[in-house]
Amino acid sequence: MEKLVTASQMKQLDAHTINEIGIPSLVLMERAALAVRDEILTAFPLNQANVVVVAGSGNNGGDGLAVARLLTIAGSHVTILNAGNPHHASEEHQTQEKICQYYQIAETTDLSVLKDATLIVDAIFGIGIDRDVKGHYVEIIKAINDSKAPVVAVDMPSGINTDTGDVMGSAVRATTTVTFAYNKVGLTKGAGEQYAGRLVIANDMGTY
Ligand SMILES: NC(=O)C1=CN([C@@H]2O[C@H](COP(=O)(O)OP(=O)(O)OC[C@H]3O[C@@H](n4cnc5c(N)ncnc54)[C@H](O)[C@@H]3O)[C@@H](O)[C@H]2O)[C@@H](O)CC1
Ligand SMILES: [K+]
């Protein structure tokens, strides 16, 4: 039977992989981003003209920044919409941000960039969401959901509770969700199942 995990189980598995096996966090992030890139290039080959990666400030956002870089290298036109608080950026996020600057990938905080998007990558929150979505995050999620462009969610549709599938105030309705290592309980029930769209489980990480 397929293995399903909660947020805390997945965090423990990540910690085990990083601290006990010794695979660096940035290597896991790269593997995750490669899986998202592959799904985007395979399933949405005609949507590369104006990809908008919406990135939060945690490691889900870090995954998004790595996807932005990999798609840029693959020839897509990519803009990063920074949704998070830069003062709270995780270490891995800061590393990915520096690499994106090297590649001169356009970055903005202006929501209107979503209007012309041909594909949206949702990397605001993953399994780290721990409270209801409020304020400008609600506006950003609404703008994503109002777009006609397909939406590929990184690990979880942002705003979906990883353990229950409940909408935490507001959540992204994804066309496709690429989740990492194991399926999450919240992607199999409640709103989570619907908001995930087509589910891809990237479980070839060779870790855990
Ligand atoms: N090394 C790792 O831990 C790996 C993590 N991965 C990615 O990292 C994600 C988890 O990253 P994080 O633990 O940094 O968490 P997230 O990036 O999911 O969330 C970021 C931060 O947002 C804050 N937050 C939570 N709810 C909020 C709300 N409602 N409003 C505003 N801020 C809120 C929290 O402080 C949280 O730390 C996974 O879903 C996956 O995408 C992957 O890169 C694989 C490896
Ligand atoms: K996400």
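Whatever comes next refers back to the structure up there.
Presented here is a report on the structure given in the accompanying data block. Fair warning: this is a prediction, and the values are worked out from it, not measured in the lab.

1. Focus: the coordination of the potassium ion (ligand 2)
Move 1: Those protein atoms acting as donors to the potassium ion (ligand 2) are Asn-60 (OD1), Asp-122 (O), Phe-125 (O), Val-154 (O), Met-156 (O) and Ser-158 (OG), and they sit at 2.6 to 3.1 Å.
Move 2: One way to put it: the six donor atoms around the potassium ion (ligand 2) meet at angles of 67 to 170°, and that makes the site irregular.
Move 3: Site description for the potassium ion (ligand 2): donor spacing in sequence, N-x61-D-x2-F-x28-V-x1-M-x1-S. One end of the pair, Asn-60, is in helix α3 (residues 59-73); the other, Phe-125, is in the loop between β5 (119-123) and α5 (136-146), and 65 residues separate them in sequence.

2. Comments concerning the side chain of Asn-183
Move 1: Looking at where Asn-183 falls in the secondary structure, it is placed in strand β8 (residues 183-184).
Move 2: Not counting residues up to four positions away in its chain, the partners in contact with Asn-183 are Glu-2, Lys-3, Leu-4, Val-5, Thr-188, Leu-199 and Ile-201.

3. Concerning the packing of α3 against helix α4 (residues 91-102)
Helix-helix packing: each pair is described by the crossing angle between the helix axes and the interaxial distance.
Move 1: The N-to-C vectors of α3 and α4 enclose an angle of 20°; their axes lie 8 Å apart at closest approach. Our classification of the angle between α3 and α4 gives roughly parallel. Read as a crossing pair, α3 and α4 show a hand that is left-handed. Counted together, Asn-59, Gly-61, Gly-62, Leu-65, Ala-66 and Arg-69 of α3 and Glu-92, His-93, Gln-96, Glu-97, Ile-99 and Cys-100 of α4 form the full contact between these two elements.
Move 2: Residues belonging to the contact of α3 with α4 are distributed by class as follows: four nonpolar, five polar and three charged.

4. Some points on the layout of surface pockets
Move 1: By volume, the largest pocket amounts to about 950 Å³.
Move 2: Forming the boundary of the largest pocket are 32 residues, of which Gly-58, Asn-59, Asn-60, Gly-126 and Gly-128 lie nearest the centre.
Move 3: Sorting the residues of the lining of the largest pocket by element identifies α1 (7-21), α2 (25-43) and α3 as the ones contributing at least two each.

5. Quick notes on the packing of α2 against α3
Move 1: Two elements in contact, α2 and α3, have axes separated by 8 Å at closest approach and are oriented at 55°. The pairing of α2 with α3 is recorded here as oblique in orientation. Considering the relative orientation of α2 and α3, their crossing is right-handed. When α2 is examined against α3, the residues Ser-25, Met-29, Glu-30, Ala-32, Ala-33, Leu-34, Val-36, Arg-37, Ile-40 and Leu-41 are found in contact with a partner set consisting of Asn-59, Gly-62, Asp-63, Ala-66, Val-67, Arg-69, Leu-70 and Leu-71.
Move 2: A per-class count over the contact of α2 with α3 returns 11 nonpolar, three polar and four charged.

6. Points about the pattern of salt bridges
Move 1: In this structure the tally under the stated criterion is six salt bridges.
Move 2: We note a salt bridge from Glu-30 to Arg-69, for which the minimum N-O separation is 2.8 Å. Placement of the pair is Glu-30 in helix α2 and Arg-69 in helix α3, with a sequence separation of 39 residues.
Move 3: The buried category is assigned to Arg-69, whose relative accessible area is 9%.
Move 4: Notably, a salt bridge pairs Asp-146 with Lys-142, separated by 2.8 Å at the nearest N-O pair. Of this pair, Asp-146 and Lys-142 both sit in helix α5, separated by four residues, roughly a single helical turn.

7. Observations regarding the environment of Val-121
Move 1: Mapping Val-121 onto the fold places it in strand β5.
Move 2: For Val-121, a relative accessible area of 0% puts it in the buried group.
Move 3: Distance in space between the C-alpha atoms of Val-121 and Asn-85 is 18 Å, their sequence separation being 36 residues.
Move 4: Those residues in contact with Val-121 that sit more than four places away from it in its chain are Ile-40, Val-51, Val-52, Val-53, Val-54, Val-67, Val-152 and Val-154.

8. Details of the packing of aromatic side chains
Move 1: All chains considered together, the criterion is met by two aromatic pairs.
Move 2: Both rings, one in Tyr-102 and one in Tyr-103, keep their centres 5.3 Å apart while their planes meet at 85°; by these two values the pair is edge-to-face.
Move 3: Between Phe-125 and Tyr-137, the aromatic rings sit 5.0 Å apart at their centres with planes inclined by 50°, giving tilted as the arrangement. A residue pair is termed long-range when its members are at least 10 positions apart, and Phe-125 in the loop between β5 and α5 and Tyr-137 in helix α5 qualify at 12 residues.
Move 4: Here the guanidinium or amino end of Lys-3 rests over the ring plane of Tyr-182, the centre of that ring lying 4.6 Å away.

Procedures and definitions
Just so you know, the residues in each chain are numbered from 1, in the order the chain's sequence is written. Naming scheme: in the order in which they are written, chains are lettered from A and ligands are numbered from 1. Since the coordinates come from a predicted model, pLDDT governs what is reported: local features require at least 70, and pairs of side-chain atoms require 80 or more to be given and counted, while whole-chain, interface and lining totals use all residues. To get the side-chain values, all heavy atoms of the structure are used, and hydrogens and water are removed first. Donor selection uses N, O and S atoms within 2.8 Å of the metal (3.2 Å for Na, K and Ca). Since no water is included, sites may look incomplete. Under this scheme a four-donor centre is tetrahedral when all angles range from 85 to 135 degrees, a four-donor centre is square planar and a six-donor centre octahedral when opposite donors are above 155 degrees with the rest from 65 to 115, and any other centre is irregular. Every helix listed is a DSSP run of H or I at least four residues long, and every strand listed is a run of E at least two residues long, numbered separately from the N terminus. Between two residues, a contact is recorded if the distance between any of their heavy atoms is within 4.5 Å. Lines fitted to the C-alpha atoms define the axes, with helices restricted to the stretch that makes contact. Angles between their N-to-C directions range from 0 to 180 degrees. Each angle is binned into one of four classes, with values under 35 degrees roughly parallel, values over 145 roughly antiparallel, values of 65 to 115 roughly perpendicular, and all other values oblique. Should the near helix be turned counterclockwise from the far one by less than a right angle, the crossing is left-handed, whereas a clockwise turn marks it as right-handed. Gly counts as polar in this scheme, as do all residues outside two lists: the nonpolar Ala, Val, Leu, Ile, Met, Phe, Trp, Tyr, Cys and Pro, and the charged Asp, Glu, Lys and Arg. Of the two site types, the cavity is a set of points on a 1 Å grid over the protein atoms alone where a 1.4 Å probe fits but cannot get out, and the pocket is an open set with protein on both sides within 12 Å along at least five of seven lines, each lined by residues with an atom within 4 Å of a point. Grid points are joined across faces, edges and corners, and a volume is the space filled by probe spheres set on the points. Only one rule defines a salt bridge in this text: a Lys or Arg side-chain nitrogen within 4 Å of an Asp or Glu carboxyl oxygen. Only protein chains enter the calculation, and the probe is 1.4 Å; a residue is then buried if its accessible area is under 20% of its type maximum, exposed if over 50%, and partly exposed in between. Aromatic rings from Phe, Tyr and Trp, with only the six-membered ring used for Trp, were paired whenever their centres fell within 6.5 Å, and each pair was classed as stacked if the ring planes differed by under 30 degrees, edge-to-face if by over 60, and tilted otherwise. Think of it as a cone above the ring: NZ of Lys or CZ of Arg counts as a charge over the ring if it is within 6 Å of the ring centre and within 35 degrees of the ring normal.

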